[in-house]
Amino acid sequence: MLFDLTEEHMAVQAAARDFAQSELLPGVIERDEQQKFPTDQIKKMGELGFLGMMVDPKYNGGGMDSIAYVLAMEEISKVDASASVVMSVNNSLVCWGLEKYGTEEQKQKYLTRLAAGEVIGAFCLSEPEAGSDATSQHTTAEDKGEYYLLNGTKNWITNGNSASVYLVMAQTHPELKHKGINAFIVDRDTPGFEVGPKENKLGIRGSDTHSLMFTDVKVPKENRIGEDGFGFKFAMSVLAGGRIGIAAQALGIASGAYELALRYAKERKAFGTEIAKHQAIQFKLADMATNIEAARLLCFQAAADKDAGRDYTKSGAMAKLFASQVAMDTAVEAVQIHGGYGYVKEYHVERLMRDAKITQIYEGTSEIQKIVISREILK
């Protein structure tokens, strides 16, 4: 399939690139070192429409397609993956899940503010014992008639402390196993809800990853998403779309590392000439460029499948699997091309290498993506 970008696509790409270079690049190293959440930058991203790109304009969204989203994610991720993961969660998981499955009342109350960037959201599935296994939810939601009583712990939650709206998966009917899981909208200021300490991470250190505790949290019945027992299907559907966002993030990290390596190779001299003229470096750059282009096409294919209403389970998993590996490989090679300079923070590539690793872990590890893909091709 050919992917010819429209003028709107190129305008979105240019806007994202300009924002990343002018607003995210200054201070990105310091935010990484200090584990500082990019509060001001995220607010501006919301004002520019990057936090609700695919949401219908009637809910304050941009009404854009998934290709535009991939393009914007790539440009933001080239510079600051900590900012792009906020964008990914808010767009792919929270906004999309609410627009697809929420009631009109839920959309008016929550989606309109999320899409406008007035608040940001968090997706709460992972648990200390279950990871991203949606079938093993130990957080419980006891039906009390007019409300549910929520108890349990979620961990590895992106936007854990900065979010105002949380989509929480919990078990209501243990005897039904995964068919007894529900999905709920929980407000930040609900009594009994507590945010745990921030995780001290290897990469994406500017994003706030926390554990969340729920102790007798009362969730109104109207805050349940879908019918009773719909939570598992909700989580699986949302995660399938989330893989496209993470694939695009991985693509951006790879592209950013490659561009830095290419520029450095043209400037750095060794043995009397620019290192870009040495065949050993040329081979590395050729491999990097080829793999990035392949990853980009896989991201576009998954995005096109989603926009066309086709099943994107396989294409999304393929994009996430391949792009995350390309991100890791490209970042490592970028550090190698920089030599000793690649090992110090001011050249950025060591940070991109650390950030790349998480793309192989969240939204399901590479092994999980292979399981998803194999199940699809064996149907």
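We now turn to the structure provided with this report. All figures in this text were calculated on a predicted structure; none of them were measured in a lab.

Attention now goes to the overall build of the protein. Scanning the protein for helices and strands turns up 11 helices and 10 strands. For 379 residues, the compact-globule estimate of 2.2 N^0.38 gives 21 Å, and the protein sits close to it at 21 Å. Burial statistics for the protein: of 379 residues in total, 55% are counted as buried. Within the protein, counting contacts between residues at least 6 apart in sequence, those at least 24 apart form 73% of the total. Here the protein has roughly 16500 Å² of accessible surface; of this, 52% comes from carbon and sulfur atoms. Across the protein, the 42 positively charged side chains and the 51 negatively charged ones have centroids separated by 3 Å.

The next subject is unusual backbone geometry. The backbone phi angle of Gln-35 is positive, close to 55°, even though this residue is not glycine. Of note, Gln-35 is situated in the loop between helix H2 (28-34) and helix H3 (39-47). Of note in this structure, Glu-363 is not a glycine but carries a positive phi near 60°. Inspection of the secondary structure puts Glu-363 in the loop between helix H10 (349-358) and helix H11 (366-377).

What follows is about H10. Buried residues dominate H10, accounting for 7 of its 10 residues. Elements that come into contact with the buried residues of H10 comprise H2, helix H4 (66-79), helix H5 (81-101), helix H7 (231-267) and helix H9 (313-338).

What follows concerns the packing of H4 against helix H8 (residues 279-307). Packing of H4 against H8 brings their axes to within 8 Å, and their N-to-C directions diverge by 145°. Of the residues in H8, those in contact with Ser-66, Ile-67, Val-70, Leu-71 and Glu-74 of H4 are Arg-296, Cys-299, Phe-300, Ala-303, Ala-304, Lys-306 and Asp-307.

Enumeration over the complete set of coordinates arrives at 12 aromatic pairs. By the ring-pair criterion, three or more aromatic residues cluster together here, those being Trp-96, Tyr-101, Phe-123, Phe-230 and Phe-234. For Lys-221, the ring lying beneath its charged end belongs to Tyr-148, and the centroid distance is 5.2 Å.

Turning next to the side chain of Lys-306. Secondary-structure assignment places Lys-306 in helix H8. One buried charged residue, Lys-306, remains without a salt bridge, the closest side chain of opposite sign being Asp-307 at 5.5 Å. Leave out the neighbours within four places in its chain, and Lys-306 touches Met-54, Ser-66, Trp-96, Gly-241, Ile-244 and Tyr-312.

This part takes up the nonpolar core. Membership of the largest hydrophobic core comes to 113 residues, with the highest contact counts inside it found for Met-87, Phe-123 and Leu-150. Broken down by element, the residue count for this core peaks at 20 residues, all from H7. Setting aside chain neighbours within four positions, we find Met-87 in contact with Met-45, Phe-50, Leu-51, Met-53, Tyr-69, Ala-72, Met-73 and Ile-76.

Now for helix H6 (residues 104-115). Restricting attention to buried positions, one finds in H6 the residues Gln-106, Lys-107, Tyr-110, Leu-111, Thr-112, Leu-114 and Ala-115. The elements touched by buried residues of H6 are H5, strand E1 (121-124), strand E4 (165-171), strand E5 (181-187) and strand E8 (224-225). Phi turns positive one or two residues past the end of H6, at Gly-117, with a value near 80°.

It is worth spelling out the environment of Arg-351 at this point. By the secondary structure assignment, Arg-351 is in helix H10. Residue classification places Arg-351 among the buried residues on the basis of a relative accessible area of 4%. Along the primary structure Arg-351 and Gly-339 are separated by 12 residues, whereas in three dimensions their C-alpha atoms are 15 Å apart. The contact partners of Arg-351, leaving out residues within four places of it in the chain, are Val-28, Asp-32, Val-79 and Asp-80.

Moving on, we come to a nonpolar patch on the surface. Taken together, the side chains of Met-318, Ile-377 and Leu-378 make up a nonpolar region of the molecular surface, amounting to roughly 310 Å² of accessible area. Turning to its location among the elements, Leu-378 is positioned in the segment after H11.

Here Ser-88 is to be found in helix H5. Assessed through its relative accessible area of 2%, Ser-88 is described here as buried. Here Ser-88 is in contact with Tyr-69, Met-73, Leu-93, Gly-245 and Ile-246, once residues within four sequence places are set aside.

Before going further, it helps to examine the pattern of salt bridges. All told, the structure shown has 19 salt bridges when counted by the stated rule. Because the salt bridges share partners, they merge into one network encompassing Arg-17, Glu-75, Lys-78 and Glu-259.

Summarising the sheet, strand E2 (residues 140-143) and strand E3 (residues 147-158) pair through 4 bridges and their orientation is antiparallel. Looking at the pairing, Glu-142 lines up with Leu-149 of E3. Taking the residues that link successive antiparallel strands as the turn, the E2-E3 hairpin has 3 residues, and the phi of Gly-145 there is positive, at about 100°.

To continue, consider the pairing of E5. For E5, a buried count of 6 out of 7 residues is recorded, marking the element as mostly surrounded by other parts of the structure. By the bridge criterion, 7 bridges tie E4 to E5 in an arrangement that is antiparallel. Pairing of Met-169 across the sheet is with Ala-183, part of E5.

Criteria and cut-off values
Residues numbered from 1 in each chain as written. Predicted model: local features only at pLDDT ≥ 70, side-chain atom pairs only at ≥ 80, totals over all residues. Heavy atoms only, no water. Helix = DSSP H or I, 4+ residues; strand = E, 2+ residues; numbered from the N terminus. Rg over C-alpha atoms; globule rule 2.2 N^0.38 Å. Buried < 20%, exposed > 50% of the residue type's maximum accessible area, 1.4 Å probe, protein only. Contact = heavy atoms within 4.5 Å. Areas by Shrake-Rupley, 256 points an atom, 1.4 Å probe, with all protein chains shown as cover. Lys, Arg positive; Asp, Glu negative; His and termini not counted. Charge placed at Lys NZ, Arg CZ, Asp CG, Glu CD. Axes fitted to C-alpha atoms, helices over the stretch in contact; angles between N-to-C directions. Phe/Tyr/Trp six-rings, centres within 6.5 Å; stacked < 30°, edge-to-face > 60°. Lys NZ or Arg CZ within 6 Å of the ring centre and 35° of its normal. Salt bridge = Lys/Arg side-chain N within 4 Å of Asp/Glu carboxyl O. Core = buried A, V, L, I, M, F, W, Y, C linked by side-chain atoms within 4.5 Å. Patch = residues over 30% accessible without salt bridge, like charges linked within 9 Å, V, L, I, M, F, W, Y side chains within 5 Å. Pairing = 2+ DSSP bridges.

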